[in-house]
Amino acid sequence: MKTNFFEKISVRKFVLLCVIAVLIVILVCQLAISGANDGYNLKLKDGFDRLTIKKGSEPTILFDKNGEDWFVCQLENENETVISEKSKADTNTMTRMQDFFAKISVVGVVSRTNDDERFGFGESSIFLTATKNGKVVRKIEIGKASATGQQVYCRIDGKNEVVLVSGGIRQLFERDFERFKM
């Protein structure tokens, strides 16, 4: 005598299999609707010859390229009056900064709204402006670090969307002025 498949399994197992099937269908539909957010890279082909870092009410830090060497000084907030002597910038730090701007690894868009507090924007933001031959080539606002500390919330090139950027860049740019010098 043949036994039916449904007679062999208990009702509890059957319900569990149905729930699993429904969850798989929901997952597939959600992936199809939202699309995969694989991330992307923002590349800066020609680099930059000037970089400013602005943190809250602190003086602006200016990195200026002269030939092959980088120099760093502090500027008065509004009018770019130099308030510290130009010093040679730390070579390793400048290499890391140039590498970051050459290829910014965006994990994905996390918000398209202005939820400043949630992502650490405002008083604790770090503003970066990279220029080449007097023209702005990249503007970045750095918010807080993610829970892992290896990713940071950013706004790039004046857009309202908040993206998650890979790398511990907040630590790189929030240093004291003295730590940028050679």
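In the block above lies the structure referred to throughout.
Computed from a predicted model, the values in this text were never measured in an experiment. Each residue is numbered by its place in its chain's sequence as written, counting from 1. Since the coordinates come from a predicted model, pLDDT governs what is reported: local features require at least 70, and pairs of side-chain atoms require 80 or more to be given and counted, while whole-chain, interface and lining totals use all residues. Side-chain numbers come from the whole structure's heavy atoms, not from hydrogens or water.

A.B. asks: Quick one: what's the story with the layout of surface pockets, residue by residue and with numbers?
C.D. replies: Here a cavity denotes grid points, spaced 1 Å and computed from the protein atoms alone, that fit a 1.4 Å probe unable to get out, and a pocket denotes an open set having protein on both sides within 12 Å along at least 5 of 7 lines; residues with an atom within 4 Å of a point are the lining. Grid points are joined across faces, edges and corners, and a volume is the space filled by probe spheres set on the points. In this structure, the largest pocket spans a volume of roughly 220 Å³. In this structure, the largest pocket is lined by 10 residues; those nearest its centre are Thr52, Thr60, Leu75, Glu80 and Thr129. Residue assignment for the lining of the largest pocket shows that the elements contributing at least two residues are β2 (50–55) and β7 (126–132). Of the residues contributing to the lining of the largest pocket, the split by class is 1 nonpolar, 5 polar and 4 charged. Taken as a whole, the second largest pocket holds about 150 Å³ of empty space. Lining the second largest pocket are Phe127, Leu128, Thr129, Lys139, Ile140, Glu141, Arg155, Ile156, Asp157, Gly158, Lys159 and Asn160. Any residue that is not Ala, Val, Leu, Ile, Met, Phe, Trp, Tyr, Cys, Pro, Asp, Glu, Lys or Arg is counted as polar, Gly included; the first ten are nonpolar and the last four charged. Looking at the lining of the second largest pocket residue by residue, the class counts come to 4 nonpolar, 3 polar and 5 charged. Runs of E in the DSSP output that reach at least two residues are strands. Runs of H or I that reach at least four are helices, and both are numbered from the N terminus.

A.B. asks: Explain the side chain of Arg175 to me, using residue names and the numbers behind them.
C.D. replies: Of note, Arg175 is situated in the segment after α5 (169–173). Separated by 3.1 Å, the side chains of Arg175 and Thr93 make a polar contact. Pairs of N or O atoms are called polar contacts if they sit within 3.5 Å, as long as, within protein, a hydrogen donor faces a hydrogen acceptor (for residues adjacent in sequence, only side-chain-to-side-chain pairs). Within polar-contact distance, the side chain of Arg175 engages the backbone oxygen of Leu172 at 3.4 Å. We call two residues in contact whenever any of their non-hydrogen atoms come within 4.5 Å of each other. If near-sequence neighbours (up to four positions away) are discounted, Arg175 is found in contact with Lys55, Ile61, Thr93, Arg96 and Phe180.

A.B. asks: A description of the pattern of salt bridges should follow, citing residues and the corresponding values.
C.D. replies: Salt bridge, as used here, is a side-chain nitrogen of Lys or Arg placed within 4 Å of a carboxyl oxygen of Asp or Glu. Inspection of the entire model under this criterion finds 9 salt bridges. For Asp116, the salt bridge identified is with Arg155, shortest N-O distance 2.3 Å. Here Asp116 is found in helix α4 (residues 116–119), whereas its partner Arg155 is found in strand β9 (residues 151–156), with 39 residues between them in sequence. The shortest N-O distance in the salt bridge between Glu178 and Lys181 comes to 3.1 Å.

A.B. asks: So what's going on with the packing of aromatic side chains? Residues and values would help.
C.D. replies: Geometrically, a pair of aromatic rings is defined through the distance of the ring centres and the angle of the planes. Pairing of aromatic rings covers Phe, Tyr and Trp, the last through its six-membered ring, and needs centres within 6.5 Å; plane angles under 30 degrees mean stacked, over 60 mean edge-to-face, and all others mean tilted. Under the definition given, this model contains 7 aromatic pairs. Measuring from ring centre to ring centre gives 5.1 Å for Phe48 and Phe101, while their planes differ by 65 degrees; the resulting arrangement is edge-to-face. With a gap of 53 residues between them, Phe48 in the loop between β1 (40–43) and β2 and Phe101 in helix α3 (residues 91–102) connect regions that are remote in the sequence. Per-residue accessibility, obtained with a 1.4 Å probe over protein chains only, is compared with the maximum for each type, and a residue is labelled buried under 20%, exposed over 50%, and partly exposed between these values. For Phe48, a relative accessible area of 5% corresponds to the buried category. For the ring pair Phe63 and Phe180, a centre distance of 5.1 Å and an interplane angle of 85 degrees mean the geometry is edge-to-face. On the criterion of sequence distance, the pair formed by Phe63 in strand β3 (residues 60–66) and Phe180 in the segment after α5 is long-range, its members being 117 residues apart. Three or more aromatic residues link up through ring pairs in this structure, and these residues are Phe48, Trp70, Phe100, Phe101 and Phe173.

A.B. asks: Describe the pairing of strand β4 (residues 69–75), naming the residues involved and giving the relevant values.
C.D. replies: Burial runs high along β4: 5 of the 7 residues are buried. Here the rule is simple: two strands pair whenever DSSP picks up at least two bridges between them. With 7 bridges joining them, β3 and β4 adopt antiparallel strand pairing. Within β4, the residue paired with Asp64 across the bridge is Phe71. The loop that links β3 with its antiparallel partner β4 comprises 2 residues; one of these, Gly67, has a positive phi angle of about 70 degrees. Two strands pair when backbone bridges link them, and β4 and strand β5 (residues 87–88) are joined in this way by 2 bridges, in the antiparallel orientation. Paired with Phe71 across the two strands is Lys88, which belongs to β5.

From the geometry alone we can't say anything about function, so treat these as descriptive.
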